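Chain by chain, the residues:
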Amino acid sequence: MKIFTKDKLEMILDKLAQGAEVFVPMSRGNSSGFYSWKTRNPETERLMLDALNVYLSPKNVGFPQTEKMYSIIQSGQESDIKETFEDSSPRVIFGVRACDARAIRCLDDVFLTRGYEDSLYKARRENMAIIANACYSPGTNCFCAGMGVDPTEPEADVIIRDTGDSGYIWEAKTARGEQLTAGISELLEEKELKAPELKSFQTNVDYAGVAEKLKGMFDHPIWQDLSQACQNCGICTYVCPSCHCFDIQVKTWGDEGYRFRCWDSCMYTEYSAEAGGGNPRPSTKERFRNRFLHKLEFFTERYGYPLCTGCGRCIVACPTGINIVKIIDQVKEANVDV
Ligand code: SF4
Ligand code: SF4
């Protein structure tokens, strides 16, 4: 088996960064997220491979919060595309946890399958490798296993496994993973190490049957009660690794300009506002219901698994303590004959 000792970690990141932009979990300011290794300030920023989940997920690597789509030239009422901004430069996301790796699969399914391909996402994704960090000690708000994710077997090109003082096991899982392995081979050793045992989850969720039950709960009074504390701030959607809605805007000067897109949130009133002045989700109840039905029912109907990966970020970030685990529990307990 291939392993690397912990003193080699930064050398491995430096080596990988010679051929790609490498995103790693690290602290930045008063937050944390996946940032480019080459932009790290070692005086103030800490590599956070030990953290179960950094505050911001790696969603921005394949799907940036704001990105230019294409430039335009206008002539009267007509406008032509001048240039598109697909970016296929190589990227590696290092240290992804299983929940976030599953969320990348959600984005892949949305942006690349069912007869529709998002060219901007596709360009990034085709040249993106995932090096995942297997989890063995789930945190207080982690519930990935309940959502069908195996924390010890992330969906990735390479899996690293922290064995403590002895170092990390390095397991290539795909051809791309083998290529990465070849590129850093002088920093790896052949040695047998034992991966840790998975500890018990502190938060357990029983998602079985929830998608089916929700089909009959669109008009259930539970949504009024559950949504009462929601302030429609949208933080839950921004920190979520699998939320993927975006808005497209245009910036013009004279006859020129460009279109860009930025993350949007279904928790905002404007998200579902219609040009004629109507809004099918006029109040918090409808917006809240849509978010949870999309996560727990609609996506499962379409793709066969939920749009929640159990990362727990929304539980931590919500200013009013709304907790998706409790929502799943209450859906399970709800009387549908009301
Ligand atoms: S809904 Fe919450 S727990 Fe589920 S993936 Fe999104 S942020 Fe994580
Ligand atoms: S973070 Fe909480 S309060 Fe804000 S929109 Fe999401 S559920 Fe509502």
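One can find the structure itself at the top, above this paragraph.
Below is a short write-up of the structure. Source: prediction; values computed, not measured. (Residues numbered from 1 in each chain as written. Chains lettered and ligands numbered in written order. Predicted model: local features only at pLDDT ≥ 70, side-chain atom pairs only at ≥ 80, totals over all residues. Heavy atoms only, no water.)

## So, the sheet that holds strand β2 (residues 21–28)
Inference 1: With respect to topology, eight strands assemble into an open sheet ordered β3-β2-β6-β7-β8-β9-β1-β10, the strand pairing being mixed. Looking at the sheet topology across the chains shown, the edges are occupied by β3 (31–36) and β10 (189–190).
Inference 2: Here strand β8 (residues 158–162) runs beside strand β9 (residues 168–172); their pairing, made up of five bridges, is antiparallel. Opposite Ile159, over in β9, you have Glu171 as the bridge partner.
Inference 3: Along the sheet, helix α3 (residues 98–112) contacts β3, β6 (91–96) and β7 (128–133); its crossing angle with β6, the most-contacted strand, is approximately 140°. (Pairing = 2+ DSSP bridges. Helix = DSSP H or I, 4+ residues; strand = E, 2+ residues; numbered from the N terminus. Contact = heavy atoms within 4.5 Å. Axes fitted to C-alpha atoms, helices over the stretch in contact; angles between N-to-C directions.)

## Section: the layout of surface pockets
To find leftover empty space, one rolls a probe the size of a water molecule over the atoms.
Inference 1: Of the volumes computed, that of the largest pocket is approximately 250 Å³.
Inference 2: Only α1 (9–16), β6 and α5 (175–183) provide two or more residues apiece to the lining of the largest pocket.
Inference 3: The element best represented in the lining of the largest pocket is α5, accounting for four residues.
Inference 4: Looking at the lining of the largest pocket residue by residue, the class counts come to seven nonpolar, five polar and three charged. (1 Å grid on protein atoms, 1.4 Å probe; cavity = no way out; pocket = protein on both sides within 12 Å on 5 of 7 lines; lining within 4 Å. Points joined across faces, edges and corners; volume = space filled by probe spheres on them. Nonpolar A, V, L, I, M, F, W, Y, C, P; charged D, E, K, R; others polar.)

## Thoughts on the pattern of salt bridges
Inference 1: By the definition in use, this model includes 22 salt bridges.
Inference 2: Among the ionic pairs, Glu153 bridges to Arg161, the shortest N-O distance being 3.0 Å.
Inference 3: With relative accessibility at 39%, the residue Glu153 sits in the partly exposed group.
Inference 4: When its relative accessible area of 4% is taken as the criterion, Arg161 is described as buried.
Inference 5: Put simply, Glu67, Asp118, Arg124 and Arg261 are held in one network by salt bridges that share partners. (Salt bridge = Lys/Arg side-chain N within 4 Å of Asp/Glu carboxyl O. Buried < 20%, exposed > 50% of the residue type's maximum accessible area, 1.4 Å probe, protein only.)

## Overview of the site of ligand 1
Inference 1: Residues in contact with ligand 1 amount to 13 residues; listed here are only the nearest, Cys240, Cys308, Cys311, Gly312 and Cys314.
Inference 2: For the shell around ligand 1, the secondary-structure elements that each account for two or more residues are α9 (284–303) and α10 (313–317).
Inference 3: Here the shell around ligand 1 is composed, by residue class, of seven nonpolar, three polar and three charged. (Near = heavy atom within 4 Å.)

## So, the packing of aromatic side chains
Inference 1: By the definition in use, this model includes 14 aromatic pairs.
Inference 2: Here Tyr238 and Trp263 contribute two aromatic rings whose centre-to-centre distance is 6.1 Å and whose plane-to-plane angle is 50°, an arrangement assigned as tilted. On the criterion of sequence distance, the pair formed by Tyr238 in helix α8 (residues 235–239) and Trp263 in strand β12 (residues 256–263) is long-range, its members being 25 residues apart.
Inference 3: The exposure class of Tyr238 is partly exposed, given its relative accessible area of 22%.
Inference 4: A relative accessible area of 11% means that Trp263 is categorised as buried.
Inference 5: Ring geometry for Phe299 against Tyr305: centres 5.4 Å apart, planes inclined by 80°, an arrangement best described as edge-to-face. No difference in accessibility class separates Phe299 from Tyr305, as the two residues are buried.
Inference 6: Here the aromatic cluster, defined as three or more aromatic residues joined through ring pairs, consists of Phe63, Phe111, Tyr121, Tyr238, Phe246, Trp263 and Tyr268.
Inference 7: In this arrangement the basic side chain of Arg28 is found over the ring face of Tyr35, its NZ or CZ atom lying 4.4 Å from the centre.
Inference 8: Across the ring face of Tyr258, the terminal group of Lys68 is positioned such that the distance to the ring centre comes to 4.5 Å. (Phe/Tyr/Trp six-rings, centres within 6.5 Å; stacked < 30°, edge-to-face > 60°. Lys NZ or Arg CZ within 6 Å of the ring centre and 35° of its normal.)

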